[in-house]
Amino acid sequence: MAVPTGMKGTTGKRGPAWPVTVGVYCALFLFGAVQGLIGSFQYSRAAGSVPVAALVCCAVILATCLLGARSVSGAVLPGIGWIITSFVLSMPVSNGSVIITSTTAGKWYLYGGTFCVAAGVVASFIGVPRWAGRN
């Protein structure tokens, strides 16, 4: 049986690169989760009435999703980590305390961050990060 050019020596099994890929995806998920953890405690820092820290956190998760967007999974995983962490920390606990409050800064952090995650994922679907880096 003839083997197509470039296919000689391949067995059709997963190559040795799959553990690296899984490791990178796990790191992206954890990176998004850590950003959500840090942002959940720092979002309320403001300059006057402008929630600067919330806006910076939104920009950072957008950048993370875009930088990981060489594949759709690379954009989705940090976003999932961020959303899970941020929204779990925004839920009240049994004693009534809550970490992310329903203030202007809290709303900017949660809604703006979710919008930025969605924008990063949509950008990965349409291929923006792949063609933006080409010369």
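In case you missed it, the structure is sitting above this.
Basis of the calculations
- Residues numbered from 1 in each chain as written.
- Predicted model: local features only at pLDDT ≥ 70, side-chain atom pairs only at ≥ 80, totals over all residues.
- Heavy atoms only, no water.
- Helix = DSSP H or I, 4+ residues; strand = E, 2+ residues; numbered from the N terminus.
- Buried < 20%, exposed > 50% of the residue type's maximum accessible area, 1.4 Å probe, protein only.
- Contact = heavy atoms within 4.5 Å.
- Axes fitted to C-alpha atoms, helices over the stretch in contact; angles between N-to-C directions.
- Parallel < 35°, antiparallel > 145°, perpendicular 65-115°, else oblique.
- Nonpolar A, V, L, I, M, F, W, Y, C, P; charged D, E, K, R; others polar.
- Expected span 1.5 Å × (residues − 1).
- Phe/Tyr/Trp six-rings, centres within 6.5 Å; stacked < 30°, edge-to-face > 60°.
- Core = buried A, V, L, I, M, F, W, Y, C linked by side-chain atoms within 4.5 Å.

Asks: Just to check I follow, could you spell out the overall build of the protein for this structure?
Replies: If you tally the helices and strands in the protein, you get 5 helices and 0 strands. Each helix and strand of the protein, placed in order from N terminus to C terminus, yields the pattern α-α-α-α-α. Looking at the 135 residues of the protein, the share that counts as buried comes to 32%. Contacts in the protein between residues at least 24 apart in sequence constitute 72% of all its contacts with a sequence separation of at least 6.

Asks: Hey, could you run me through the side chain of Thr 85 in this one?
Replies: Note on placement: Thr 85 falls in helix H3 (residues 72–89). Residue Thr 85 is classed as buried on the basis of its relative accessible area, which comes to 16%. Among residues more than four places away in sequence, those in contact with Thr 85 are Ala 33, Gly 36 and Leu 37.

Asks: Which parts of the structure should I look at to understand the packing of helix H1 (residues 18–42) against helix H2 (residues 52–67)?
Replies: Helix packing geometry: the angle between the two helix axes and the distance between the axes. Two elements in contact, H1 and H2, have axes whose closest approach is 10 Å; the angle formed by their N-to-C orientations is 175°. Taken as axis vectors, H1 and H2 run roughly antiparallel relative to one another. Contacts from Phe 31, Gly 32, Gln 35, Gly 39 and Gln 42 of H1 reach H2 at Ala 53, Cys 57, Val 60, Ile 61 and Thr 64. Considering only residue class, the contact of H1 with H2 consists of 5 nonpolar, 5 polar and no charged.

Asks: Looking at this structure, I do not really get H1. What am I missing?
Replies: Helical geometry note: an α-helix holds 3.6 residues per turn, so side chains three or four residues apart project in the same direction. With 25 residues, H1 extends 36 Å between its outermost C-alpha atoms, agreeing within 8% with the 36 Å of an ideal straight helix rising 1.5 Å per residue. By the burial criterion, the buried members of H1 are Leu 28, Gly 32, Ala 33, Gln 35, Gly 36, Gly 39 and Ser 40. Buried positions along H1 lie against H2, H3 and helix H4 (104–126).

Asks: Could you clarify how one ought to interpret the packing of aromatic side chains in this entry?
Replies: When we look at a pair of aromatic rings, we describe it by the centre distance and by the angle of the planes. Applying the stated criterion across every chain yields a total of 2 aromatic pairs. Three or more aromatic residues joined by ring pairs form one cluster here, namely Tyr 43, Trp 82 and Tyr 109.

Asks: Would you mind going over the nonpolar core with me for this structure?
Replies: In a soluble, globular protein the nonpolar side chains are often hidden away together inside. The biggest cluster of nonpolar side chains holds 16 residues, and the ones touching the most others in it are Tyr 43, Ile 61, Trp 82, Ile 100, Tyr 109 and Val 117. Elements with a contribution of two residues or more to this core: H2, H3 and H4. Per-element accounting of this core gives the leading share, 6 residues, to H4. Apart from the residues lying within four places of it in its own chain, the contact partners of Val 117 are Ile 61, Cys 65, Gly 79, Trp 82 and Ile 83.

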